[in-house]
Structure formats: structure tokens, C-alpha cells
Amino acid sequence: MKASKKRRAAVTVIACVLAVCLVAALVLFNLVNSKVRALQKGATFRLSYTITAQDSTTSPALYNILKQVGTTTGNVAGLYSPGQLQLYLYTSDVENGGKDFFTDIYIDANDTYFDAGRLYRTLRDSIAENVPLVGSFLPDWSLPNYITQAQLAKILGVPNTQVEMQEMSGYTLTLSRQNIIHPDYAKKGYTYYQFPSEEDDATVLVVGLPLKSVLFDDTIPVDIHVEIPAHGVTAALSGTLRSGVNSLSAPVSVISDSDIDSIVQLRESLEQFADLISTALKSVQ
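Residues numbered from 1 in each chain as written. Predicted model: local features only at pLDDT ≥ 70, side-chain atom pairs only at ≥ 80, totals over all residues. Heavy atoms only, no water.

(A) Focus on the side chain of Thr-72. Relative to the helices and strands, Thr-72 is located in the loop between helix H2 (61-68) and strand E2 (73-81). The exposure class assigned to Thr-72 is buried, which follows from its relative accessible area of 19%. Residues in contact with Thr-72, not counting those within four places in the same chain, are Tyr-49, Thr-50, Ile-51, Tyr-63, Leu-66 and Lys-67. (Helix = DSSP H or I, 4+ residues; strand = E, 2+ residues; numbered from the N terminus. Buried < 20%, exposed > 50% of the residue type's maximum accessible area, 1.4 Å probe, protein only. Contact = heavy atoms within 4.5 Å.)

In C-alpha cells form, the structure reads like this:
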């Protein structure tokens, strides 16, 4: 009789322990889901980045721009809203999140806008500081600030696919067990999720999160790795993000197509002039 009572007592204790574990699991699950849903509605982030070309023998269009201005490494601050992304790029020696970004990019499902005006002024000021004589000949920027991806492609003389970035605005954070991967670059304590991609040459996005921070912290450390075959680049980013609803809209200060045609003509003239100089120098040698 006493043995039977002891067994029933043991079963009761085990049932209570299991019930407590189940409640704790449900609380943690709801807490994680709540954090993820908040991040899905909007987020702000500050990251350091390093961008490398996937093939050292080629020079992709966007990577080439960053390389020429010495910004293949740097910092990025940004805002995310469903279907929209706003990025502010900083050089490595500038405080991340301040007003001294060298350019910014707005991305949504329809277009990508690059702040060409701010980039030009940044480059002009740098040239004027280092080579005052050359800088004195560079004119002020008098056009609207932003250009679209189609306009940038036309200026660079490359296909639109080499500069479009719509894919980056369409991701939704989902912490699904089936998406967990174990990459070689994994940091201790981080769980890595690879976002599903439908096409063979689609962008591969991997996000690493320390689940302890996801559960208990408002500011969450993050380790991001992106492979973008369309641009021939790989990006590694690390920093922090936190949830927050953002109101984003496409820029309205956009250069007209007629002005872009003038810039293209100027680029072509400069290229022809450079070719003539190169030919003349070779003939002298």
C-alpha cells in the first residue's frame, strides 16, 4: 500500500515537473515569436561591413565604385520596413549612425535610388583636401541628389541587372528550424539561419543570432553573410539590430533622364579623351 502511494506521489511530481517545463517552453516560444514579429514589422541596425569580389579576375560595377572610393570596408546604419530598406554608408573612420555618411541608398520592390549628389560632394571634398589644384577645377553639384538604378546602369554602361537591388528589400525574418545551417564562419553562441531562395543565382542571405539575446535583450547582436551572384560580391556584416516601426518613402529629388543623357555623353567623351592620351603615350614610347 505504501509502495503504491509512493509511486503515485512520484508520478504526480514528474507530472508537475513536466507541466512546469511545458509552461516555460510555451513562454519562451511566445517570447521568441513576439520578438520576431516585432522585427518583421520594422528594425534599425548598425553594422560594420566588408565586401569582396567573388572572382578576383573581374570587377563588378557596384564593387568597382566602392573600390575606387576606398569603401569596400566601412560601416552601415539602416532602417527596415516591410518591403523597404534605407541604408547609410560610412567610411571606417567615421562614427556609425551620425550625419557624416558618404552616401545613402533606398531600396523597395520597384526601384533602387542612389544618392549620387552626396557621393560626388564627398569625393570632391576628398580630392580638394588631398590635391587642392585638381579640386579647384571640380564644379559644385547642382542637380537633384538621387539617381535610379536604371540611370546608374546607363551612366556606367552596364546592364540594369548589375545594379538593381530589389531582392534585398523582400526578406522576412523567420526563425525556422529547417533553415538552420552550420557555416564555417559561425560565431560561438550564435544560431545561423539561411533564408530560402527560389532561383539558382538568387542572393544567399545567412543571419546569425545569439538566441539568448533574442529572448532577453532589446538590442540584438547579429552576424550577417550575403552572397550576391548578380553583382559578383560577397558581404560580411556584424553589429546590432533592434525592433522599431519606421516610416520610409522613396526619394523625390531624382535627376531627370535628360540630365543623365548629358552625364553619359560626358563619360563617353572622357573615355575617348583617355584613349587618345593612352595611344599618344604609347606612340611616344
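(B) Highlighting the sheet that holds strand E4 (residues 103-108). Read across the sheet, 11 strands follow the order E6-E5-E4-E3-E2-E1-E11-E10-E9-E8-E7 without closing on themselves; strand pairing throughout is antiparallel. Each edge of the open sheet carries a strand with a single partner, namely strand E6 (146-148) and strand E7 (180-181). The pairing of strand E1 (residues 43-53) with strand E11 (residues 233-243) spans 11 bridges and is antiparallel. The residue of E11 that forms the bridge with Tyr-49 is Leu-237. Contacts between helix H5 (residues 149-156) and the sheet are confined to strand E5 (112-115) and E6, with E6 contributing the most and set at about 85° to the helix. (Pairing = 2+ DSSP bridges. Axes fitted to C-alpha atoms, helices over the stretch in contact; angles between N-to-C directions.)

(C) Here's a closer look at H2. Where H2 is concerned, the buried positions are Ala-61, Leu-62, Tyr-63 and Leu-66. On its buried side, H2 packs onto E1, E5, H5 and E11. Just downstream of H2, Gly-70 is the residue with a positive phi angle, here 70°.

(D) Molecular detail of the pattern of salt bridges. Using the criterion set out here, one finds 1 salt bridge in the structure. Across the pair Lys-154 and Asp-261 runs a salt bridge whose closest N-O atoms are separated by 2.6 Å. Within this pair, whereas Lys-154 is found in helix H5, its partner Asp-261 is found in helix H7 (residues 257-284), the two being separated by 107 residues in sequence. (Salt bridge = Lys/Arg side-chain N within 4 Å of Asp/Glu carboxyl O.)

(E) The arrangement of the pairing of E4 in detail. Judged by how many residues are buried, E4 sits mostly within the fold: 6 of 6 residues are covered. Both strand E3 (residues 84-90) and E4 contribute to a ladder of 6 bridges, which runs antiparallel. Following the sheet pairing, Gln-86 is matched in E4 by Tyr-106. Pairing geometry for E4 and E5, over 3 bridges, is antiparallel. Among the inter-strand pairings, Ile-107 is bridged to a residue of E5, identified as Thr-112. The turn linking E4 back onto E5 is made up of 3 residues.

Note that all results are geometric; they support no functional claim without further evidence.
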